[in-house]
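# Observations on chain architecture
This is what each chain is made of:
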Number of protein chains: 4
Amino acid sequence: MIITMALTAPVSTTTTLLDIAASLGLEARKTDDGAGADVVVVAGSIPRGELDLPGIVEVKEKHPAFMLGSREARPRVRTIVRVGDVEIGAGTPIVMAGPCVVEDRDELIEIAHAVKQAGASILRGGAFKPRTSPYAFQGLGERGLQHLADAREATGLPVVTEVMEPDQVEMVAHYADMLQIGARNMANFNLLKRAGMVRTPVLLKRGFSATMDEWLMSAEYLLAAGNPNVVLCERGIRGFDPAFRFNLDLNAVPHVKQVSHLPIIVDPSHGTGRRSLVGRMALAGIAAGADGVIIEAHPRPESALVDGNQTITPEELRKLTRQCEAVASLLAYTDAPLSMVAGD
Amino acid sequence: MIITMALTAPVSTTTTLLDIAASLGLEARKTDDGAGADVVVVAGSIPRGELDLPGIVEVKEKHPAFMLGSREARPRVRTIVRVGDVEIGAGTPIVMAGPCVVEDRDELIEIAHAVKQAGASILRGGAFKPRTSPYAFQGLGERGLQHLADAREATGLPVVTEVMEPDQVEMVAHYADMLQIGARNMANFNLLKRAGMVRTPVLLKRGFSATMDEWLMSAEYLLAAGNPNVVLCERGIRGFDPAFRFNLDLNAVPHVKQVSHLPIIVDPSHGTGRRSLVGRMALAGIAAGADGVIIEAHPRPESALVDGNQTITPEELRKLTRQCEAVASLLAYTDAPLSMVAGD
Amino acid sequence: MIITMALTAPVSTTTTLLDIAASLGLEARKTDDGAGADVVVVAGSIPRGELDLPGIVEVKEKHPAFMLGSREARPRVRTIVRVGDVEIGAGTPIVMAGPCVVEDRDELIEIAHAVKQAGASILRGGAFKPRTSPYAFQGLGERGLQHLADAREATGLPVVTEVMEPDQVEMVAHYADMLQIGARNMANFNLLKRAGMVRTPVLLKRGFSATMDEWLMSAEYLLAAGNPNVVLCERGIRGFDPAFRFNLDLNAVPHVKQVSHLPIIVDPSHGTGRRSLVGRMALAGIAAGADGVIIEAHPRPESALVDGNQTITPEELRKLTRQCEAVASLLAYTDAPLSMVAGD
Amino acid sequence: MIITMALTAPVSTTTTLLDIAASLGLEARKTDDGAGADVVVVAGSIPRGELDLPGIVEVKEKHPAFMLGSREARPRVRTIVRVGDVEIGAGTPIVMAGPCVVEDRDELIEIAHAVKQAGASILRGGAFKPRTSPYAFQGLGERGLQHLADAREATGLPVVTEVMEPDQVEMVAHYADMLQIGARNMANFNLLKRAGMVRTPVLLKRGFSATMDEWLMSAEYLLAAGNPNVVLCERGIRGFDPAFRFNLDLNAVPHVKQVSHLPIIVDPSHGTGRRSLVGRMALAGIAAGADGVIIEAHPRPESALVDGNQTITPEELRKLTRQCEAVASLLAYTDAPLSMVAGD
């Protein structure tokens, strides 16, 4: 049940609703409708007789199980997530770019300058790297986080980097402007709970074989724990064709726009695994309605320790950034459908 | 082995090569490089010593198994397929539209006029329908083909329609301007062989779980049998998420552009199964580099016998057609990558 | 709607029901309950008021869309399909074995003798072969069918072989004891319709990415066209792991036993793609409840033109045949669940 | 590189090899061949010139990336994992059973007695439960662990239960006899590292869409961190058919037996999602060569808070346990292939 209050509703209505839910043994949370009014979501139903409270303007019985993340909880506005000075979901497509892994401080700063000049507004780079093999390079750890902070200092770009376990959340949040939760950890619920306890924005990648509902329920863990700053990232699903590392599933983009108020970006680097496909699939993502892209970029892809095959150069990135902006502007100007129509 | 001749090469070189291949028990075919010169493809290798013939300019040992469809066989030009007066693959995105199934002659003509006014240049509609259930409506058959021909007469739009078995090829080719081979029949090799014996253009849909190589090998059946007029159509692969009927796999588009000279379009109606996703995914397909889209459109989607859930109105189609053209123009103008770079 | 008559019901009840359905525009078919009584299945509902006819003992409103193949149509017995003298579905697991492709008459007869001695009771071998490449060996065609007939003559083993297009049905049925419809043609509905017009038993393989319902609906095409002799064959679904050619999906076996009265066998050769996995997965299939297995066997797997990697020797087959029988006996003796419980 | 020593080799050979690897910057680990001799595995190659050390009997250059878990590291014996007094991998199939979630102490003890009488030798039950929804019951936590310890006390059955984050490893290991790492956490590498630091046996479930290599690399994290007591569990992969919750992928069983020395069990409860399929798929798993099964069992499945649909009764379990033992005995007696043949 999703209960929306008027802007003028007394605070007591919200607290009373939360109390009633608690007394009924139902999980409930308070959020806002994006325009200042309170919204209470309840995992279950409060009897209608108990809803005769001042300031309630709407009660929805029917909504997705991801209540806080649903369009029903915020029907009139979309969420904009601020990372440093950058706004994700505000209309202009955001480009996050950088190396797969942070390897060297000076090189990272060089790359940060290069991707900034290419039009990127957020720097990506892994300090803690989930690797399939225990014998592979696992990232520089906290030293890598320090390098990222130095690169931010040098360029002004906010940084996004991965966090892999609950106990790292505070440390990574200390250095980074945005926490990435990787595809392998999308259903690491304890990690989600902890990342929900800070206010640092979270980039939540979709699991390799997660359904839309499972993904949005993982976002709900973050929202339910108190962190409203969630950006989703489609990064490819597991497929049967060895031609691709993963299958970038762009159906996800208009679907998420239709059922949720959260911003969504796409990752064509992991979503294809091949440098030659990155550009076109980034553009396709923007045309599908994504609020941005995250791209692996490196001046010398062939020398990158990890994922060189799917890494483009800053020069390629510069051209791509402009094209992404042009496509987004064109579609905004011609009023392309945002899939906000009543469902099908 | 792919052997390219000079424009000035004597015909005898080509015939000699075909004779040598035959004497070695190797399958071989003659095609052209798109600019008038002969190309001979051989499934295997002719000894170098036998290649000392006048007019041979290039011999490639390494190429995909789909030889005739490969970029190697036609490295400098892309194939343009003509359907009536319409050119597919020539730069302007083509919109094919119409009902899922032909139901009634007058209604079909009404729809044909409507989609033409909306900017579509080819009329689609099923007369023979593959249905999961033997008890479901199987299409009007030849009568449906006659209605399609009447709609062409009335509007000037060429028509594309499905053919389901080898013995229907001639009949369908008699009425239609383009033969559709559906996803379920992508590996119906006898049907492909027969459709390769006519010159009518073929729209070859990708099977639900076909790899890129399997799909291009099915196209190769058409080419090897003598029909060069092949257009590929990505229409969604089978996925695990009940939110979508199929997963439109746009990675396929830049991949095909990279490895083949054949045109490719996308089908966002079947590739999503949901009306509200069709527009954005059509645009994403064009941004990915597709040469066109095929869309189920009907003035009264809710009354369509089949697939109403994924059908849009001519009004929606009109807006979409313009946006597709605008995105394609923009990307052509800004020189977006065509994935023709040396592979990765 | 499934309407079961008493053994003593007058014939007029059945014909009246079929007439009523026809007058309502509903598809309907007559079958039998396996014990001699008529059953009428109707794709839709006949009003209760019209069902006051002599001899009707049960009317089921709720049943799967594959009406003729459903347990509801034949609740008390399972279908036994006779191929020559062999009974499939009668309790003893049947082993079909032979080469992937018929290559040579004498070799085929040698193999037929070998697999017979190893315990196989049906000979398999392809004369018409669906090949991904148009340049690959496509089988011997009718000459291969003649070789199969010769091998039957020599050994007494009935033969099963693939049919690939509607117009081949009669020819293949002329030579073979059982028609195989391959995975790629599971949804080749015109082929199914034609194979439904003969009485020759059909082995219907599951498509690479077909759901249970789609597969059983394909079987329904055969049944609805008048051929009751249908055996299903699980042969592996498309998966994401390059370790396996396909993933043998044994969940299918108890599921089919629960919802249908048709026999089902498994194909561990294609379902794994690896010789070393064939034995164990055949045994697993029998333990899952399958009525038999179909195995690629050849005295010299390494010299087979096609699929040698998944082919075992007659010696290996002999041991496997005995183990399959032993597992089936053991489970029959200890009354293993047949999944015929009311669903879940 | 995998280097095997003789039983009589001096300890100095092993330490020298580890030193050489370290000096070359290569990850290396010491393990044993199962019969008392040292084995050193190196992620990379030591130059042959440096291998002239006393007691080296074999050097393998070719082996899987999961070195410690590979058959090459332990070619002559399979690993047996002891959980309490129970031996997994020693020939007799082990049955682990119990409720999905621990709900109530007394009920748990009742169930423990019931599954013990039914032939189970390990009690399963979740105290920490990964749930898709943040609003769903998340398990009793440490109180649930205490109940499990009480149930062990009451029945003598060792217990296996899930651990969800690195910091819980010691606590769960304090109460439980075996740690379960769930499918969602298969690639939670920090959790694997921590669970590798204790000696408590680990049950490592396969991720929903993990390849064989990814799964065995996750096991390698445990082995490389020092915990040799690893049991793999196939629990179903994500599929496209809504008829099944997951697709139990039994190909995995003989494959693992072929490439690894670790024991493997199967989970037909999650691998099907349907009570009516559990029995047959458990038997199929044993026939495929599994060392045991893990089954959700509850005296009143319909009243279980979680997963009642896939839960069987102790009575059903009793029959199933006997059948599993009978099938395993039969196949051991008849010497069924263990897929230990040289690969294919």
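Residues numbered from 1 in each chain as written. Chains lettered and ligands numbered in written order. Predicted model: local features only at pLDDT ≥ 70, side-chain atom pairs only at ≥ 80, totals over all residues. Heavy atoms only, no water.

When chain A is brought onto chain B, the operation consists of a screw motion whose angular component is 180 degrees and whose axial shift is 0.0 Å, with 0.0 Å RMSD remaining. Such a combination of turn and shift is consistent with a two-fold rotation axis. Closest to the rotation axis within chain A is the C-alpha of Ala284(A), separated from it by 2.1 Å. (Least-squares fit on C-alpha atoms with pLDDT ≥ 70 in both.)

This part is about the packing of aromatic side chains. Residue and element names in this part refer to chain B. By the definition in use, this model includes eight aromatic pairs over all chains. An angle of 20 degrees between the planes, with centres 4.7 Å apart, marks the rings of Phe189 and Tyr221 as stacked. Remark: Tyr221 occurs in helix H6 (residues 212-224) and Phe189 occurs in helix H5 (residues 189-195); sequence separation between them is 32 residues. Given a relative accessible area of 2%, Tyr221 falls into the buried group. A ring pair is formed by Phe208 and Phe246, whose centres lie 4.8 Å apart and whose planes are at 40 degrees; its orientation type is tilted. Residue Phe208 is located in the loop between strand S11 (202-205) and H6, and its partner Phe246 is located in the loop between strand S12 (230-234) and helix H7 (252-259); the two are separated by 38 residues in the primary sequence. On the basis of relative accessibility, which here comes to 12%, the residue Phe208 falls in the buried class. (Phe/Tyr/Trp six-rings, centres within 6.5 Å; stacked < 30°, edge-to-face > 60°. Helix = DSSP H or I, 4+ residues; strand = E, 2+ residues; numbered from the N terminus. Buried < 20%, exposed > 50% of the residue type's maximum accessible area, 1.4 Å probe, protein only.)

Turning our attention to the interface of chain C and chain B. In this assembly, 37 residues from chain C lie in contact with 37 residues from chain B. Across the interface of chain C and chain B, roughly 3,000 Å² is buried in total on both sides, 54% from carbon and sulfur atoms. Looking at the side of chain C facing chain B, the largest losses of area belong to Pro134(C), Tyr135(C) and Arg238(C), adding up to 23% of the total buried there. At the surface where chain C touches chain B, the tally comes to two salt bridges. In this structure, the salt-bridge partner of Arg238(B) is Glu214(C), at a minimum N-O distance of 2.7 Å. Our enumeration of links across chain C and chain B arrives at 17 residue pairs in polar contact (both at pLDDT 80 or more). Listing elements by their share of the side of chain C that touches chain B, those giving two or more residues are helix H5 (189-195) and helix H6 (212-224) of chain C. It is H6(C) that contributes the most residues to the side of chain C that touches chain B, five residues altogether. Broken down by class, the residue content of the side of chain C that touches chain B amounts to 17 nonpolar, nine polar and 11 charged. (Contact = heavy atoms within 4.5 Å. Buried area = accessible area lost by both parts, 1.4 Å probe. Salt bridge = Lys/Arg side-chain N within 4 Å of Asp/Glu carboxyl O. Polar contact = N/O pair within 3.5 Å; in protein donor to acceptor, adjacent residues only side chain to side chain. Nonpolar A, V, L, I, M, F, W, Y, C, P; charged D, E, K, R; others polar.)

Moving on, we get to the interface of chain A and chain B. Residue-level contacts link 51 residues of chain A with 51 residues of chain B. Between chain A and chain B, roughly 4,000 Å² of surface is buried when both sides are summed, and carbon and sulfur atoms account for 59% of that area. Applying the counting rule to chain A against chain B returns zero salt bridges. Counting the contacts that link chain A with chain B gives 16 residue pairs in polar contact (both at pLDDT 80 or more). Within the residue set of the side of chain A that touches chain B, elements represented by two or more residues are helix H7 (252-259), helix H8 (268-272), helix H9 (275-287) and helix H10 (314-333) of chain A. The dominant element in the side of chain A that touches chain B, judged by the number of residues it contributes, is H9(A), at 10 residues. Among the residues forming the side of chain A that touches chain B, the class breakdown is 28 nonpolar, 14 polar and nine charged.

To continue, consider the domain arrangement of chain A. Domain annotation for chain A reports domain 1 (2-60) and domain 2 (81-333). A straight line from the C-alpha centre of domain 1 of chain A to that of domain 2 of chain A covers 35 Å. (Domains from an automatic or database assignment.)

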